[in-house]
Each structure stands twice: as structure tokens, then as C-alpha cells.
Amino acid sequence: RRQVAGCPAMLLGVHLCGTLSLRAVDLFNDSPSFFFLGLKPCCLPPAFFAQRGDVFGSANGHCFAAKAVAVAGKWQRGKWVGGASRQE
């Protein structure tokens, strides 16, 4: 575990594949210097993982259901075509 003293910092994770988003959350939780965490994963689970009822997790106990983030759809000519991943 690495402790860094000094100024506050933000942690921004962009294009985090697979469970790298979970690792970014671990880093944020382990460092008191971070005051903000922004995540933008690039690959969320496809809809078939949600249909199977899969749950993703890591060694630290964090987990999420694929249906919470999976969505059937795509961007087409600047517009989203498909359903939302949750009720809006």
C-alpha cells in the first residue's frame, strides 16, 4: 500500500477495460490524497452477460451484476439506437 503525502489529487480512469475500473476504485479507496474519482470504462459487458445473469467481481469483494451496466444498442450516425440499461 502506497501512501503519498501532499496536495489533494483527482483520479480519472478513461478506457478502463474489464476489471480495471474496479482496480481504479481500489486505488481511490486506498489513497487519502484522492478527493475525486471519475470513471469512463470503454468496454462494458455485452447484453448476453446480463441475459445469463452473470455477476462480475474482484478479489477485494466488489461486484456488480452485468444487467446493471449492460445494454443492447449502439451509436449510429450520432444517435443511440437501442434500449437504456435501466429505467430512466
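A few points on the structure. Residue numbering note: each chain is counted from 1, following its sequence as written. Since the coordinates come from a predicted model, pLDDT governs what is reported: local features require at least 70, and pairs of side-chain atoms require 80 or more to be given and counted, while whole-chain, interface and lining totals use all residues. Values reported for side chains reflect all heavy atoms of the structure, with hydrogen atoms and water molecules removed beforehand.

### Overview of the overall build of the protein
Along the protein, the regular secondary structure elements total 2 helices and 6 strands. Only DSSP runs of H or I with at least four residues qualify as helices, and only runs of E with at least two residues qualify as strands; both kinds are numbered from the N terminus onward. Its helices and strands in sequence order give the protein the pattern β-α-β-α-β-β-β-β, from N to C terminus. With 88 residues in all, the protein has 17% of them scored as buried. Whether two residues touch is decided by their heavy atoms; if any such pair falls within 4.5 Å, the residues are in contact. Here the contacts in the protein between residues at least 6 apart in sequence split such that 47% fall between residues at least 24 apart. Every accessible area reported is derived by Shrake-Rupley at a probe size of 1.4 Å, with residue values counting cover from the shown protein chains alone. Accessible area for the protein stands at about 6800 Å²; split by element, carbon and sulfur atoms hold 60% of it. Burial classes follow relative accessibility: with a 1.4 Å probe on protein chains only, a residue under 20% of its type's maximum area counts as buried, one over 50% as exposed, and anything between as partly exposed.

### Here we look at a nonpolar patch on the surface
Surface patches are drawn from residues lacking salt bridges whose relative accessible area is over 30%; two like charges belong together within 9 Å, two nonpolar side chains (Val, Leu, Ile, Met, Phe, Trp, Tyr) within 5 Å. Just to be clear on terms, a salt bridge is a Lys or Arg side-chain nitrogen sitting within 4 Å of an Asp or Glu carboxyl oxygen. Together, M10, F35 and F36 give the surface a local cluster of nonpolar side chains, amounting to about 350 Å² of exposed area. Among the structural elements, M10 can be located in strand β1 (residues 9-14). M10 gets classed as exposed once you look at its relative accessible area, which sits at 55%.

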